[in-house]
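# A structural walkthrough
One-letter residues, chain by chain:
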Amino acid sequence: PPRPAAVIQQPPVIQQAPPMQTMAPAVQEQAHFRGEAPGARVEPMSVMRQKIAEHMVFSKRTSAHVTTVHKADMTKVAKMREKKKRGVQEQYGFSLTFLPFVVRATAAALREFPIVNASIDGSNVIYHRDINIGIAVALENGLIVPVIRNADEKNVVGLQRSIADLASRARSRQLRPDEVQGGTFSITNFGSFGSVFATPVINQPQVAILGVGSVEKVPVVIDDAIAIRSQAYLALTFDHRLIDGALGDQFTPPSTPG
């Protein structure tokens, strides 16, 4: 019988290692992140931006942030504002916005729930006697929070005057140092830029901050009928080390249509 053909074994194929990269991927990413890629521009942060960055990181590292969001029926406020805004403009020289109404209601709520107007010092809780509400003002290159002192003692027109004055002087860099210190609670009105709601960061050493969304007319079901109401979302971010969810929800209850 014929012999079986001999099995010829091929020599193993030796694969050449790929050429070594001149820079590890992680290093390449870091280089790109630092702006060293062709065409990138590198510029240092402004002093204000550095301070804001430090303050925000410090706040997130310090407080246990929780945000609760409620829908607020602003229909009565919208009607009152529409009725009064022309007279306020003519008599006082500034426009009447929704914000002073929110500040007025917030000041009353802070008096009812003093723990939201408090701060934490180690294992101690400091309950502040005064209600000093900071109002976040957007600048061209950052953010500043001037303070309305004894906000609970002012009416809506007085609050609007304070808001307009502080915002104007903040943008022209005319605030005194004491006017951005001593706040016990803060409000940020991101609704002025069209935002519906957001989750603001607590302004240390405070324990809560209220975010106000844009006021919009929306269809709402009332007694099985559809009605058009002016509504806004109120977002309360609170420090869960001190404030529980139930209390946070009591502080910002959903309003009843009216």
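Scope of this entry: the structure provided in the associated data block.

### Notes on the side chain of Thr68
- Along the chain, Thr68 falls in strand 1 (residues 65–73).
- Of note is the side chain of Thr68, whose polar atom sits 2.6 Å from the side chain of Asp249.
- Apart from residues no more than four positions distant in its own chain, Thr68 is found in contact with Leu234, Ala235, Leu236, Phe238, Gly248, Asp249 and Thr252.

### Some points on helix 5 (residues 156–171)
- For helix 5, with 16 residues, the first-to-last C-alpha span of 23 Å sits near the 22 Å given by 1.5 Å per residue.
- Buried within helix 5 are the following residues: Val156, Gly158, Leu159, Gln160, Ser162, Ile163, Leu166, Ala167, Arg169 and Ala170.
- Residues of helix 5 that are buried in the fold lie against helix 4 (99–112), strand 4 (133–135), strand 5 (137–139), strand 6 (142–144) and strand 7 (147–148).
- Looking at where helix 5 begins, the residue whose side-chain oxygen comes 3.3 Å from the main-chain nitrogen of Val157 is Asn155.
- A positive phi of about 60° marks Arg173, the residue just after helix 5.

### Overview of the packing of helix 4 against helix 5
- Remark: helix 4 packs on helix 5, axes separated minimally by 9 Å, with the N-to-C direction vectors making an angle of 115°. The angle between the axes of helix 4 and helix 5 places the two elements in the roughly perpendicular class. Crossing handedness for the pair helix 4 and helix 5: right-handed. Side by side, helix 4 and helix 5 meet where Leu99, Pro100, Phe101, Val103 and Arg104 of the first sit next to Val156, Leu159, Gln160 and Ile163 of the second.
- Considering only residue class, the contact of helix 4 with helix 5 consists of seven nonpolar, one polar and one charged.

### Examining unusual backbone geometry
- With an omega dihedral of 5°, the bond running from Gln204 to Pro205 counts as a cis peptide bond.
- With respect to the helices, strands and loops of the structure, Pro205 is situated in the loop between strand 8 (185–188) and strand 9 (208–212).
- You will see that Asp223, though not glycine, has its phi angle at about 55°, which is positive.
- Its place among the elements puts Asp223 in the loop between strand 10 (216–222) and strand 11 (225–239).
- Classification of Asp223 by relative accessible area gives exposed; the value is 76%.
- Phi angles above zero are rare outside glycine, and Asp224 is one such case at about 65°.
- Position of Asp224 among the secondary structure elements: in the loop between strand 10 and strand 11.

Each value, and the rule that gives it
- Counting from 1, residues in each chain are numbered in the order their sequence is written.
- At least 70 in pLDDT is required for a residue's local features to be given in this predicted model, at least 80 for side-chain atom pairs to be given and counted, and no such filter applies to totals for whole chains, interfaces and linings, which use all residues.
- With hydrogens and water excluded, all non-hydrogen atoms of the structure serve as input to the side-chain values.
- Numbered from the N terminus, helices here are DSSP runs of H or I no shorter than four residues, and strands are runs of E no shorter than two.
- Throughout this description, a polar contact denotes any pair of N or O atoms lying within 3.5 Å of each other; where both atoms belong to protein, one of them has to be capable of donating a hydrogen while the other can accept it, and for residues adjacent in sequence the pair is counted only when both atoms sit in side chains.
- Whether two residues are in contact is decided by their heavy atoms, any of which lying within 4.5 Å being enough.
- Under the convention used throughout, the expected extent of a helix is 1.5 Å for every residue step, that is, one less than its residue count.
- Accessibility here uses a 1.4 Å probe with only protein chains present; expressed as a share of the type maximum, an area under 20% marks a residue as buried, one over 50% as exposed, and anything in between as partly exposed.
- Between N-to-C directions, angles span 0 to 180 degrees; the directions come from axes that are lines fitted to C-alpha atoms, helices contributing only their stretch in contact.
- Relative orientations are named as follows: roughly parallel for angles under 35 degrees, roughly antiparallel for angles over 145 degrees, roughly perpendicular for angles from 65 to 115 degrees, and oblique for any other angle.
- By convention, the crossing between two helices is left-handed when the near helix turns anticlockwise from the far helix through less than a right angle, and right-handed when the turn is clockwise.
- Polarity classes work like this: nonpolar for Ala, Val, Leu, Ile, Met, Phe, Trp, Tyr, Cys and Pro, charged for Asp, Glu, Lys and Arg, and polar for all others, with Gly in that last group.

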